[in-house]
Amino acid sequence: MRLIALLVALCLALASAGCWDRKEPDDMVYAVALGFDIDDDGDYVAIAQFANPVAAKGGVGPGSQPAGSAPFWTDCAKGRTPFDALTNLSPTLSREMTVSNIEVLLISERLAKRGIAPIMDLVARDNELRLTVSAAVVDGDLKSLLGSQFPEDPIPALSIQRMLNPIHFIDPSAMSPGLLQSIADMLRPGQDLLLPVLRLNAGAGSTSPGPSVTHIGSAAFHRDRMIGWLDGHESRGANFARSRSQHAPISVQSPAGGLVSIHVTHVASTVAPRYMDVDVSVLIKAKVEGHVQGQTGLEEGQAGVNFADSESLRDLRSCLAQCVREDIEHALAKSREYRSDFIGLGNAVYRRLPRVWEAGVGDRWYELLPGVQVQVEVEATLTSSGLLRESLHY
């Protein structure tokens, strides 16, 4: 028994000691953000943002580094393929580059309009890059964005990742689904990609304080090519229809007067296709929950919403449901205009009516999409009005 116990202890010691890949961290340089663009000659451009290990050891903020010790730097390289461009970054580095710590993957508008399939093919096959990485389309100069400083974090990639994080609900934008979900959306029949947009602000890239990037709106794709933008309301409607938004701020006009601000805290939607008389129709049902954040804009003589009155609450819930319905309908209008099924109506037909899809609807889906009748039903619930049952008015 003692011999067996000794052998087990020896095996555990050997298994737990040392690095599994024999790569010393001090011999590596870690890319924290990766971007891809395309130049006028059609070559791919890889732009990487690296964390500076020297600045990290010093522990100083972004505005107080001595010369040569900035917390990050960016580099770029060209190649005939995305992989060539990425590997061509290595000759300028004194350490081995790794992309295992990438926080965000950014794609320029020009490359997105040409097609992102080669980029997604590369990241799907790379065994280092995590598929939970957030992706976005950049409206503006990609290199300038990655070279900009953010007031919140010394390394821009960290701020960008937080902006694209699904828990971020301030901006009405498409939530970044992560690379795994994005690749899955591209592979699904009757489903197109919708990615968030980062817009470079005027004066970005300088050392002056203030936000360098705005996160609002979305980029709609048809297959692997970007074909247009969605504004904040359209993006929010697409999120509602796809159940990919759990938080959103909405202000509705109250029947009792004034504006009521509501924080939507939960959304659950279903997409149910129907096939009758050779026509495809779709029913979208959305259940929305929220709580009241405030009331403003009351005129003289208006008492506002009485949250203790069931009729007043019913009217307010109806206003909230109408606002959500309009956002979804705006997103549907953009989907028909672009012939981009980013809501996934076709995929619902493919999954729930497979015989109809295989009978020819799937081959003609993008021709049929503008004429598909979609009915939107929204059920709204208000879970809390805070500590006030009546409005504060003077």
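Residues numbered from 1 in each chain as written. Predicted model: local features only at pLDDT ≥ 70, side-chain atom pairs only at ≥ 80, totals over all residues. Heavy atoms only, no water.

Trainee: Quick question: what am I supposed to make of helix α10 (residues 310-338) here?
Mentor: One turn of the α-helix equals 3.6 residues, which is why residues spaced by three or four share an orientation. Spanning 29 residues, α10 covers 42 Å between terminal C-alpha atoms, matching the ideal 42 Å at 1.5 Å per step. A positive backbone phi angle near 55° is found at Arg339, which sits one or two residues after α10. (Helix = DSSP H or I, 4+ residues; strand = E, 2+ residues; numbered from the N terminus. Expected span 1.5 Å × (residues − 1).)

Trainee: Explain the packing of helix α5 (residues 117-125) against helix α8 (residues 178-187) to me, please; I cannot follow it from the model alone.
Mentor: Two numbers describe how α5 lies on α8: the axes approach to 11 Å, and their chain directions differ by 125°. Here α5 lies oblique to α8, going by the angle between them. Seen from above, α5 lies across α8 with left-handed handedness. Mapping the contact onto sequence places Ala117, Met120, Val123 and Ala124 in α5 and Leu179, Ser182, Ile183 and Met186 in α8. Grouping the amino acids of the contact of α5 with α8 by side-chain chemistry returns 7 nonpolar, 1 polar and no charged. (Axes fitted to C-alpha atoms, helices over the stretch in contact; angles between N-to-C directions. Parallel < 35°, antiparallel > 145°, perpendicular 65-115°, else oblique. Left-handed = near helix turned anticlockwise from the far one by under 90°. Contact = heavy atoms within 4.5 Å. Nonpolar A, V, L, I, M, F, W, Y, C, P; charged D, E, K, R; others polar.)

Trainee: Before we go on, may I ask you to explain the pairing of strand β2 (residues 44-51) in this structure?
Mentor: Every regular strand shows the same layout, with side chains that alternate between the two sheet faces. Summarising burial for β2: 7 of the 8 residues are buried, a large majority. In terms of strand pairing, strand β1 (residues 28-38) meets β2 through 7 bridges, oriented antiparallel. Note that in β2 the partner of Phe36 across the bridge is Ala46. Between β1 and the antiparallel strand that follows it, β2, lie 5 residues; Gly42 among them carries a positive phi value of about 90°. Sheet topology places β2 next to strand β3 (residues 72-79); 8 bridges connect them, and they run antiparallel. Its bridge partner lying in β3, Ile47 is registered against Cys76. (Buried < 20%, exposed > 50% of the residue type's maximum accessible area, 1.4 Å probe, protein only. Pairing = 2+ DSSP bridges.)

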